[in-house]
Amino acid sequence: MTFHSMWAELLPIGRSSASGGYRRFAWTGADTDCRAWFRQQAESRGLAYELDRNGNQWAWLGDPAAGDAVVTGSHLDSVPDGGAFDGPLGVVSSFAALDELRARGVRFTKPLAIVNFGDEEGARFGLACVGSRLAAGRLTVEQAHRLTDADGITLPQAMERAGYDPAAIGPDPERLGRIGAFVELHVEQGRALDLSGDQVGIASAIWPHGRWRFDFRGEANHAGTTRLVDRHDPMLPYAETVLAARREARLAGAVATFGKIAVEPNGVNAIPSLVRGWLDSRAADQATLDTVVDGVEKAAREYAEAQGVQLDVVRESFTPVVEFEHALRDELARILGKERDAALNVPVLGTGAGHDAGILSGTVPTAMLFVRNPTGVSHSPAEHATEDDCVAGVTALADVLEGLACR
């Protein structure tokens, strides 16, 4: 099966006819359909299919118990109304790369696996990379059990309703101990490759990033009869805090976004009693990130006090800077340079986006390949990569897997 035919099969699953974006949320019907697609791709190639204790899917060529396995893959879930390429490009490319290696007639000297990590985006339960975090011990069982979606459904309940047993979720050191290297291919979420004119690049590091919840608590009242001077309206300090986040990020050369908000009682003619906003902030280093978040919180507290509003700030998740293993990164550069042109300097670039590879980097050697995104748009239906660039990514991944697993 070609890259094009696999892509065409996966493309309709979870796509909204209204927005054109994808709504493949963890443990929902669309997620189940994606998982069925993954299993079918694995079994049609004669690969040994496994579902691990945390709901991550694996397709093995060779004996997993042999150890020192080379693993590739990504995720199939999406953000709300996300694009087609973020995650699925890595999974489809992994199967296509295996097909290419078989067509080359190579002999594998190490086990090879393709993985689909569950709930990478965190769209449903508010925490990214749940599947890989659980496997790596970066999310405790107790913390996982406390995760709930907007309807109050817990993660274990959602897994059970989707037909999976949540009783065994937790760290999986034995499985991760079998892995000698993990290489994740991903569409670039930015325009560095487009600006440099390269189809494929190698990741150097992932910026430190996190999510903070700002709860502004005021006093509900009538929108038409309450004098302005008598109001304790939490929407006002929230709005000013959104602008403060933009200002602090611009001054520090970082990024900060309030992209989600919940309002109570959420009536057109009612002054809110609660405005809850989630801040996502990322920077090239920890000190800069701390400066931005501290600045946003300081401003928010001043704005809240001025309006007679209470403020609570909770850090819901955080991932420190990830430096991908230099030896593996350099090996990818050597392989790609050798296969194409000895004089080729494969671009190496950092990213502000989090990935399963980043979560696993503290446990196993990891690396990433990026495929050019001509607009730089991601987490949007406008996310795009040309078919020529996708095929170039498949070839690059096949070269890397051959260099790592067939020597």
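This structure is a prediction, so every number in the text was calculated from the model and none was measured.

Quick word on the pairing of strand β7 (residues 209–217)
Then comes step 1: Counting buried positions over the nine residues of β7 gives seven, a clear majority of the element.
Then comes step 2: One ladder, built from nine bridges, connects β7 with strand β11 (residues 274–282); its direction is antiparallel. Each residue of the ladder has a partner; that of His209, found in β11, is Arg282.
Then comes step 3: In this sheet, strand β12 (residues 310–319) lies alongside β7 in antiparallel orientation, the contact comprising nine bridges.

Looking at empty space enclosed by the protein
Then comes step 1: One pass over the full model with this rule turns up two cavities of 30 Å³ or more.
Then comes step 2: The volume enclosed by the largest cavity comes to roughly 60 Å³.
Then comes step 3: Taken together, Trp27, Asn54, Gly118, Asp119, Val130, Gly131, Leu134, Leu155, Met159 and Ile169 make up the lining of the largest cavity.
Then comes step 4: At the level of secondary structure, the elements contributing two or more residues to the lining of the largest cavity comprise α4 (130–136) and α6 (155–161).
Then comes step 5: Across the lining of the largest cavity, the residue classes break down as six nonpolar, three polar and one charged.
Then comes step 6: Of the volumes computed, that of the second largest cavity is approximately 40 Å³.
Then comes step 7: Around the second largest cavity sit Ala26, Asp31, Arg35, Leu76, Asp77, Asn116, Phe117, Gly118 and Asp119, which together line it.
Then comes step 8: Those elements giving two or more residues to the lining of the second largest cavity turn out to be α2 (29–44) and β4 (112–117).
Then comes step 9: Partitioning the lining of the second largest cavity into residue classes produces three nonpolar, two polar and four charged.

A few points about the UniProt feature "binding site: Zn(2+) 1" (unreviewed entry) in the protein
Then comes step 1: On the UniProt side, "binding site: Zn(2+) 1" (unreviewed entry) is annotated at positions that read His75, Asp86 and His186 here. For this annotated set, covering 112 residues, all C-alpha atoms fall within 9.7 Å of each other, a compact arrangement in space.
Then comes step 2: In this fold, His75 is placed in strand β3 (residues 69–75).
Then comes step 3: Here His75 is in contact with Asp86, Gly87, Pro88, Val91, Asn116, Phe117, Glu120, Glu121, His186 and Asp356, once residues within four sequence places are set aside.
Then comes step 4: Among the polar contacts listed, one links the side chain of His75 to the side chain of Asp77, at a separation of 2.9 Å.

Digging into the domain arrangement of the protein
Then comes step 1: By domain assignment, the protein separates into domain 1 (3–207 + 321–406) and domain 2 (209–319).
Then comes step 2: Computed from C-alpha atoms alone, the centre-to-centre distance between domain 1 and domain 2 is 33 Å.
Then comes step 3: On the side of domain 2, nine residues touch domain 1, which itself brings 15 residues to the contact.
Then comes step 4: Summed over both partners, the interface of domain 1 with domain 2 comes to about 930 Å²; 47% of that surface belongs to carbon and sulfur atoms.
Then comes step 5: Counting the surface domain 1 buries against domain 2, the share from its top three residues, Gly126, Trp207 and Val321, is 51%.
Then comes step 6: Our count for the contact surface shared by domain 1 and domain 2 stands at zero salt bridges.
Then comes step 7: The interface formed by domain 1 and domain 2 includes four residue pairs in polar contact (both at pLDDT 80 or more).
Then comes step 8: In terms of residue class, the side of domain 1 that touches domain 2 is built from eight nonpolar, four polar and three charged.

A word on the packing of helix α1 (residues 3–10) against α2
Then comes step 1: Packing of α1 against α2 leaves a shortest axis separation of 11 Å and a crossing angle of 155°. Considering the angle they form, α1 stands roughly antiparallel to α2. Crossing geometry of α1 relative to α2 is assigned as right-handed. Where α1 abuts α2, its residues Met6, Glu9 and Leu10 lie against Cys34, Trp37, Gln40 and Gln41.
Then comes step 2: Of the residues assigned to the contact of α1 with α2, the class counts are four nonpolar, two polar and one charged.

Cut-offs and rules
- Residues numbered from 1 in each chain as written.
- Predicted model: local features only at pLDDT ≥ 70, side-chain atom pairs only at ≥ 80, totals over all residues.
- Heavy atoms only, no water.
- Buried < 20%, exposed > 50% of the residue type's maximum accessible area, 1.4 Å probe, protein only.
- Helix = DSSP H or I, 4+ residues; strand = E, 2+ residues; numbered from the N terminus.
- Pairing = 2+ DSSP bridges.
- 1 Å grid on protein atoms, 1.4 Å probe; cavity = no way out; pocket = protein on both sides within 12 Å on 5 of 7 lines; lining within 4 Å.
- Points joined across faces, edges and corners; volume = space filled by probe spheres on them.
- Nonpolar A, V, L, I, M, F, W, Y, C, P; charged D, E, K, R; others polar.
- UniProt positions renumbered as here; feature names shortened; annotations may be inferred.
- Contact = heavy atoms within 4.5 Å.
- Polar contact = N/O pair within 3.5 Å; in protein donor to acceptor, adjacent residues only side chain to side chain.
- Domains from an automatic or database assignment.
- Buried area = accessible area lost by both parts, 1.4 Å probe.
- Salt bridge = Lys/Arg side-chain N within 4 Å of Asp/Glu carboxyl O.
- Axes fitted to C-alpha atoms, helices over the stretch in contact; angles between N-to-C directions.
- Parallel < 35°, antiparallel > 145°, perpendicular 65-115°, else oblique.
- Left-handed = near helix turned anticlockwise from the far one by under 90°.

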